[in-house]
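Listed below, chain by chain, are the residues.
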Amino acid sequence: MAPSVAYEVVLLDTALPGIDGLETCRRLRADGVLTPIAMLSVRGTVDDRIAGLDSGADDVLTRPFQLAEMLARLRALARRAPRTRPPVLRVGDLELDLASCEVRRGRDQVRLTRQERALLELLMRRPGKVVPRHELLDAGWDSSRDRRSNVLEVCIGCLRRKIDRRFDVRTIETVRGVGYRLVVA
């Protein structure tokens, strides 16, 4: 859940079943999770603490430790946490980086026009909810656009081809007479 929820701090044990805490930490950092991570380790050697820090942890506590010290370290990490998260929208494996205007489906980059990106952003900000046609038109075009033209339908069709068909998924659903919805898988 760490990639999709803005936690203040993640407390991660190195001794997890399956994937150990070090690998979990590496994967979180590779997924762009910037939340401070405190690791708990039963091994107290310098090499073990270095391994925890090198995996991406911000602090490593070795057992046994005092609960009061752990809580103080967690509060310190929370104070140092970035106050704003990077502007990246994620819905399933679809990702829109608002700073760089890059769109990715999984590991593949998808090139979109300005209008397609504006429509996708509006849909991604409300996953699973119907976005009315007039709001989508306002997001992609100036107000002088004839509201009766099929420019929105054409643009949605192009967007679907770029983000869906190539990946054999169906992300944008038409809600007849109302607008469109981004399907949450």
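This write-up is about the structure you can find in this document. What you see is a predicted model, and the numbers here were worked out from it, not measured in a lab.

1. Observations regarding the sheet that holds strand S2 (residues 37-41)
- Judged by pairing direction, the sheet is parallel, and its three strands sit side by side in the order S1-S2-S3 without closing on themselves. Two strands close off the open sheet at either side, each with one partner strand: strand S1 (10-13) and strand S3 (59-62). The average undirected angle you get between the axes of adjacent strands in this sheet is 25 degrees.
- Direction of pairing for S2 relative to S3: parallel, over a ladder of four bridges. Across the sheet, serine 41 pairs through a bridge with threonine 62, a residue of S3.
- Across the sheet, helix H2 (residues 46-54) is in contact with S2 and S3; its angle to S3 comes to roughly 145 degrees.
- Contacts from helix H3 (residues 67-80) reach S1, S2 and S3 within the one sheet, and its direction differs from that of S3 by about 175 degrees.

2. Here we look at the environment of lysine 129
- Counting through the fold element by element, lysine 129 comes out in the loop between helix H4 (114-124) and strand S8 (130-132).
- Relative accessible area serves as the criterion here: at 54%, lysine 129 is assigned to the exposed category.
- Lysine 129 sits 100 residues away from arginine 29 along the chain, and the two C-alpha atoms are 30 Å apart.
- Filtering out sequence-adjacent residues up to four positions away, lysine 129 remains in contact with Tyr180, Arg181 and Leu182.

3. Quick word on the side chain of arginine 160
- In this structure, arginine 160 sits in helix H6 (residues 151-163).
- Buried and unpaired, arginine 160 has aspartate 164 as its nearest opposite-charge partner, separated by 5.2 Å.
- A polar side-chain atom of arginine 160 sits 3.1 Å from the main-chain carbonyl oxygen of isoleucine 172.
- A polar contact of 2.6 Å, which involves the side chain of arginine 160, links it to the side chain of threonine 174.
- Apart from the residues lying within four places of it in its own chain, the contact partners of arginine 160 are Arg165, Ile172, Glu173, Thr174 and Tyr180.

4. Regarding the pairing of S1
- Here S1 runs beside S2; their pairing, made up of four bridges, is parallel. Note on S2: the bridge partner recorded for valine 10 is isoleucine 37.
- Chirality of the crossover, the property in question, places the unit of S1, helix H1 (residues 21-30) and S2 among those that are right-handed.

5. Digging into H1
- All of the buried residues along H1 are Gly21, Leu22, Cys25 and Leu28. An end-on view of H1 places all buried positions within 125 degrees of arc, on one side of the element.
- Buried residues along H1 sit against S1, S2 and H2.
- A positive phi of about 85 degrees marks glycine 32, the residue just after H1.

Thresholds, definitions, all that
Residues numbered from 1 in each chain as written. Predicted model: local features only at pLDDT ≥ 70, side-chain atom pairs only at ≥ 80, totals over all residues. Heavy atoms only, no water. Pairing = 2+ DSSP bridges. Helix = DSSP H or I, 4+ residues; strand = E, 2+ residues; numbered from the N terminus. Axes fitted to C-alpha atoms, helices over the stretch in contact; angles between N-to-C directions. Contact = heavy atoms within 4.5 Å. Buried < 20%, exposed > 50% of the residue type's maximum accessible area, 1.4 Å probe, protein only. Lys, Arg positive; Asp, Glu negative; His and termini not counted. Salt bridge = Lys/Arg side-chain N within 4 Å of Asp/Glu carboxyl O. Polar contact = N/O pair within 3.5 Å; in protein donor to acceptor, adjacent residues only side chain to side chain. Right-handed = clockwise from strand over helix to strand, strands pointing away. Arc of directions from axis to C-beta.

Such coordinate-based values are descriptive only and should not be taken to indicate function.
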